[in-house]
Amino acid sequence: MATRIEKDSMGELEVPAQAYYGVQTQRAVINFPISGWRTHPDLIYATVHIKKAAALANMALKQINSKKGNAIVQAADEMLSGKYHDQVVVDVFQAGAGTLYHMNINEILANRAIEILGGKRGDYKVVSPNDDVNFGQSTNDVIPTTMRLAVLLNSRHFLPVLELLRDTFAKKAKEFDSIIKAGRTHLQDAVPVRLGQEFQAYSAIIDDHIRRYKRVLEDMTVLGIGGTAVGTGLNAHPKARFIIAEHLSEALGMKLTVANNLMAAMQSMASFVGMSGTIRNLGLDLVKICKDLRFLTSGPKAGIREIALPLIAPGSSIMPGKVNPAMPEMLMMVCYQVAGNDQAIAFASQAGELELNVMMPLIASNLTTSLKILENGIKTFVHRCLDGIAADADRCRHFAERSAALVTALNTHIGYLKAAGVAKEVLTSHKSIRQIVLEQKLMTEKELNKALDLDAMTRAAEIK
């Protein structure tokens, strides 16, 4: 493979001739062959947005000349269109803080800018990755800003998926609203509910998570850019950070502001821990909902089977005709991974020391990965499972009518102890509640008919 020789502060090194990255990236490739995992696209786009905004700000403040600045902006625009992402080659597990990934981006933009100006890749006298692309910036303020912007970029996709999930549950709630079924607590018979009520509760749960997500998303709009190495702003024009924030606001279509205390914004990982915790909590509720669906569809002949999930694939290599609840199981695995990522983020967030948290690459990778797999998992679950769930109304009513917990409706008529006695006799004699109550003359038939109105039992909380 053809190579070129590049030089950095540590000496000379061969770099692939056709690579847009340079010597510092090549050292990272050699030093950190750890996982083969590459940087998430949202992080790449976020970093390039920052580089473009910084070049525009530095030109406006006459910190770099317009010839170099415009070439950097053009290179950034090309990268924002999707080019050169294959040149981002530094492993997720790298030297702390994200310097090597940061320089990977700086070198790509510098080498493309060099080409735009008629030079050859690696000739950093034309455009320098450190002195020009990175002018007035540091890894220590760029990476936390990158992480915030990546979450904001992801929100364009993630929030609509959450809303889709909420709305689909609400649609199924209306579809199933008239279906009476047995309620269950402790996996034991409980008083009746409507299947639609269960799905409406799921919709409300997701709506609550949407509100929590929106609240923590606001933390991502406050940027620590301009703090440079330790938050003091050394080597950056004092006005640059405000111009950068203006350009980023315009590019992303949202209001971004500069933190009052740059040092705090660079040190604290609290906003990322908050976002990770928010989607972890969402995942925990999704696991519960998926377990419910698996339980309700159990069978088909030897289980509950009150609902049927869409059949998407064979479920056994040995049992013909067996089909499993694959989509809920997929989403549960995604949620478990999100919970694991959150634990790593929590550990990494407290590993900061003095002016810097060097574990930012791990936090950035885990958070963007969690958001993306949860987004894809939910979207797939909605389209390939939730949309097509069907209910067996007769089977639902069958279990509801045979639930011993129906005696609860008699408490206000005959008292708890007598109702408990009826329940015991139901379970031992296999007589119906109606038969036992009438035989013992505990209530009249008219009173009993009213008390055992299953639909009315499910509407006790409704204000009339």
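Now for a description of the structure that goes with this document. Note that the structure is predicted; figures quoted are calculated from it, not measured. (Residues numbered from 1 in each chain as written. Predicted model: local features only at pLDDT ≥ 70, side-chain atom pairs only at ≥ 80, totals over all residues. Heavy atoms only, no water.)

This next bit is on the overall build of the protein. For the protein, the count of helices and strands is 18 helices and eight strands. For 464 residues, the compact-globule formula gives about 23 Å, and the C-alpha radius of gyration of the protein, at 30 Å, lies well above that figure. Here the protein holds 464 residues, and the buried ones make up 50% of them. Look at the contacts in the protein between residues 6 or more apart in sequence, and 72% of them connect residues 24 or more apart. Of the roughly 22000 Å² of accessible surface on the protein, 54% is carried by carbon and sulfur atoms. In the protein, 52 positive and 46 negative side-chain charges are present, and the distance between their average locations comes to 3 Å. (Helix = DSSP H or I, 4+ residues; strand = E, 2+ residues; numbered from the N terminus. Rg over C-alpha atoms; globule rule 2.2 N^0.38 Å. Buried < 20%, exposed > 50% of the residue type's maximum accessible area, 1.4 Å probe, protein only. Contact = heavy atoms within 4.5 Å. Areas by Shrake-Rupley, 256 points an atom, 1.4 Å probe, with all protein chains shown as cover. Lys, Arg positive; Asp, Glu negative; His and termini not counted. Charge placed at Lys NZ, Arg CZ, Asp CG, Glu CD.)

With that settled, the discussion passes to helix H11 (residues 326–349). Helix length check: H11 (24 residues) gives 35 Å between terminal C-alpha atoms against 34 Å at 1.5 Å per residue, within 8%. Buried residues in H11 make contact with helix H10 (270–296) and helix H12 (360–384). (Expected span 1.5 Å × (residues − 1).)

Mapped onto the fold, Ala110 is located in helix H4 (residues 99–116). A residue is classified by how much of its surface remains accessible, and Ala110, at 0% relative accessible area, is buried. Sequence-wise, Ala110 and Val127 are 17 residues apart; in three dimensions their C-alpha atoms are separated by 5.6 Å. Ala110 has contacts with Tyr124, Val127, Ser128, Pro129 and Val133, leaving out every residue within four places of it along the chain.

Let's shift gears to the packing of H10 against H12. At a minimum axis separation of 11 Å, H10 and H12 run at an interaxial angle of 30 degrees. Put simply, H10 runs roughly parallel to H12. Taken as a pair, H10 and H12 cross one another with a handedness that is left-handed. Facing H10, whose interface residues are Phe272, Met275, Ser276, Ile279, Leu282, Leu286, Cys290 and Leu293, H12 presents Ile363, Leu367, Ser370, Leu371, Leu374, Ile378 and Phe381. By residue class, the composition of the contact of H10 with H12 is 13 nonpolar, two polar and no charged. (Axes fitted to C-alpha atoms, helices over the stretch in contact; angles between N-to-C directions. Parallel < 35°, antiparallel > 145°, perpendicular 65-115°, else oblique. Left-handed = near helix turned anticlockwise from the far one by under 90°. Nonpolar A, V, L, I, M, F, W, Y, C, P; charged D, E, K, R; others polar.)

This next bit is on the environment of Met333. Here Met333 lies in helix H11. Using a relative accessible area of 58% as the deciding quantity, one classes Met333 as exposed. Between the alpha carbons of Met333 and Gln94 there is a distance of 27 Å; along the sequence they are 239 residues apart.

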